[in-house]
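Tertiary structure, described
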There are 2 protein chains.
Amino acid sequence: MKLSVNQITTSRLGVEEAVDLYAAKGIGGISLWEDRVRDFGIARTKALVRDAGMDVSGFCIVGMFSKQGRAGIGKQVDAARASVDLAAELGAPCAVTVVGGLLPDSRDIGDARRLCFDALAEVLEHARAVQLPLALEPLHPMYVPDWSVVATLAQANSWCDRLGAGIGLAIDTYHIWWDPEAEDGIRSAGREGRILTFHLNDWRAETRSLLLDRGIPGDGVIDLRRFVDLVRGCGYDGWMEVEIFSETLWAGDQTRLIDDILRATAPLLKRDGHV
Amino acid sequence: MKLSVNQITTSRLGVEEAVDLYAAKGIGGISLWEDRVRDFGIARTKALVRDAGMDVSGFCIVGMFSKQGRAGIGKQVDAARASVDLAAELGAPCAVTVVGGLLPDSRDIGDARRLCFDALAEVLEHARAVQLPLALEPLHPMYVPDWSVVATLAQANSWCDRLGAGIGLAIDTYHIWWDPEAEDGIRSAGREGRILTFHLNDWRAETRSLLLDRGIPGDGVIDLRRFVDLVRGCGYDGWMEVEIFSETLWAGDQTRLIDDILRATAPLLKRDGHV
C-alpha cells in the first residue's frame, strides 16, 4: 500500500499549502474535497498536484441525497452527477459516496434508505458512463441521523450486490472497527473485488465529540494492524489514506501533524509476519 | 405495557425522593441501580417501594467483566453474582446485563469478547440457580470501548443462542434504532421469548455528548412508535421503561421532567391502529 492524506486532515491549509506540505514530506497521494477544489480552481488544482509529482488518491464526496428533503432529491442527484464528473476530471481513482441521513423532519429510516438507494442507482448510471467508480462508505452508526443511513459493511455489501457494476466500498477503520461482522464484511468485499479505498484513523478512548475528535493512527483503541492485514489479505494494494476530523489536531502545528502521521503509518505500510 | 422509570432518569434525586415523585405521578415501576440501593439500604428500599404500591421493574447492572483487566475478571464475576443476588432480593423481574468494553491497555476486541462471554456464562449459572433472568443489553456501537463489546441485536441474540436458558435481552431504542437488522433482531428475540425488558429514550438530532445527551421520547429522531409496535407485536407486554442519561435534563426541574415523560409516553402506551 501507498500512503495518501486526505486534505481534511489539515483542514486549515489551503489546497496549495496542503500539496506543498505533503509533497515535501514524500507523500504520494492527496484526497480532495469538492468545495475546496472549486474554490481554488480545477485546472490549478490538477496542475499543482501533477507538478508536485503526486496523485489524486480520492475525491470527497458524492451523495447526501436526503439532505434537502424529498423534494430536493432530484437536485442532489444532479449535483452528485456533477461531482462524479469533477472526480473523473481530477483523475481520482474513485469517488467516496456518503448517501445521506434521515430526511429532514422525518423519523422514517426505511423511507430514507429507499430514497437514498434509488438516488444512488441513478447516479451510478452516470458514473458508469464516465467510468468513475463509486466507493460507497458505510459510516459509524452514530452518523445515521445526519450523514449516512448506510451504517454497516453488511448493509453496504448488500447495496453493492443489488446495484451491480461500477460501485465498491470505502472502508474506514473509524466506522467499522466495532462491528462483530467487520471481518466477514471485509472478506466478502474482497472476494467481489470491491475494496476501492481504505481509510485509516483512530477512535480516541475519551471521545469528546461525535464528529470532530478522531485520532491519529495509534492514538486510539482500534487494532489498526488487524484491519490493514485484513484488507491486504484480500489483495488490496491501493492507497492507505489517512483522514482525520479533529478540531484539536486542526488547531495544532500542521507540519508536526504530518510528521506524526508518517511515524504512525510507517510500520503499518510494511508487511510484517502477521499475514 | 406498563410505564416504569429508571431512577437514573432523575439522577439527582435520592431513592426516597424518586419513589415519592414517581408514585405521586401514578407510575407503577421503578428500576434501581445497585450502588444507590446499597447506599440507601436494601431493606429500606424494598419497604419504600412496596409501601408506595410500586414494583421494582428492573435492576442495573450486572456485568462490566473486562473493566478491571484480565486479572480482575474473577473479581468482576464474583461482584456480578452478588449483583444477581441483590436483584433477586429486590424482586426485580430481570437484571440488565452490560458485559464491559475493551480490556484496559488492549485493542484486542476479539479477546475482550471471548473473556466477557466466558464470564457471562459463569454468572449465568448462578443466575439460573437463583432464578433471576439476565437481560443482556446490546449497547450502541459508540460504547464498545468502555461499556459493551456486545453492540448489535444480532450479536446479542447469537450470545443468547449459545448460552441457553436463563438469559434474554434488554432492548433499548437508543442503542438499536439505527441498525438495518433491528427489526429482524427483535422478531428473532420475540420468537425465542427473549424480550425481557424494553427501554425507551430518544436520539437527539444535535447530540453533544456520547453518554449524557439522550432525549425524552419524542424529542429526537427515533421512530419510537415503530419499535413499540414491533415489541408488542412479538407478544411483549411487560414494562416500558424510560431511561434517560442527560446532563441537561438532570440539571432541570425533575417534576416537570416526569410530567414531560408521562405526556410523551401516554400515546405510546395505547395500542393504535398500527398493529
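Residues numbered from 1 in each chain as written. Chains lettered and ligands numbered in written order. Predicted model: local features only at pLDDT ≥ 70, side-chain atom pairs only at ≥ 80, totals over all residues.

**Brief notes about the packing of helix α4 (residues 73–89) of chain A against helix α5 (residues 109–129) of chain A**
Residue and element names in this part refer to chain A. The condition that has to hold: Whenever a helix is involved, its axis is fitted only over the stretch in contact; in every case the axis is a line through C-alpha atoms, and angles between N-to-C directions fall within 0 to 180 degrees. Only DSSP runs of H or I with at least four residues qualify as helices, and only runs of E with at least two residues qualify as strands; both kinds are numbered from the N terminus onward. If you view the pair so one helix is near and one far, a crossing is left-handed when the near helix is turned anticlockwise from the far one by less than a right angle, and right-handed when it is turned clockwise. We call two residues in contact when their backbone-placed C-beta atoms lie within 7 Å.
For the pair α4 and α5, the least separation of the axes is 9 Å and the interaxial angle reads 35 degrees. Where α4 crosses over α5, the handedness of that crossing is right-handed. Within the contact between the two elements, α4 uses Ile73, Gln76, Val77, Ala80, Arg81 and Val84 and α5 uses Leu115, Ala119, Glu122, Val123, His126 and Ala127.

**With respect to the sheet that holds strand β6 (residues 167–172) of chain A**
All names here are of chain A. To keep things clear, this is the line we draw: Paired strands, as defined in this entry, are two strands with at least two bridges between them according to DSSP.
A barrel is described by the order of its strands in space; here 8 strands give the closed sequence β1-β2-β3-β4-β5-β6-β7-β8, paired in parallel fashion. Averaged over all neighbouring strand pairs, the angle between strand axes comes to 30 degrees, with direction disregarded. Of the pairings in the sheet, the one linking strand β7 (residues 195–200) to strand β8 (residues 239–242) comprises 3 bridges and is parallel in character. Each bridged residue has a counterpart across the sheet, and for Leu200 the counterpart in β8 is Val242. Running at roughly 165 degrees to β6, helix α6 (residues 153–163) makes contact with β5 (134–136) and β6 of the sheet.

**Things to note about the pairing of strand β3 (residues 55–63) of chain A**
All names here are of chain A. Selection criterion: Burial in this document is a count-based property: other C-beta atoms within 10 Å of a residue's C-beta are tallied, and the residue is buried at 20 or more, exposed at 12 or fewer, or partly exposed in between, with C-beta positions derived from the backbone.
Of all 9 residues in β3, 8 are buried, a share of seventy percent or more. Direction of pairing for strand β2 (residues 29–33) relative to β3: parallel, over a ladder of 5 bridges. Looking at β3, one finds that Ile30 is bridged to Val56. Pairing of β3 with strand β4 (residues 95–98), which is carried by 4 bridges, proceeds in the parallel orientation.

**Some words on the nonpolar core**
Operational definition: A set of buried residues qualifies as a nonpolar core if it consists of Ala, Val, Leu, Ile, Met, Phe, Trp, Tyr and Cys joined through C-beta atoms within 7 Å.
If you look at the biggest cluster of nonpolar residues, it comprises 178 residues, and the most contacted ones within it are Ala95 of chain A together with Ala95 of chain B. Among residues more than four places away in sequence, those in contact with Ala95 of chain B are Phe59, Val62, Ser83, Val84, Ala87, Leu132, Leu134 and Ala135 of chain B.

**Observations concerning the environment of Ala121 of chain B**
Residues and elements named next belong to chain B. Counting through the fold element by element, Ala121 comes out in helix α5 (residues 109–129). Accessibility expressed as a C-beta count within 10 Å gives 15 for Ala121, which makes it partly exposed. For the pair Ala121 and Thr173, spaced 52 residues apart in sequence, the C-alpha separation works out to 26 Å.

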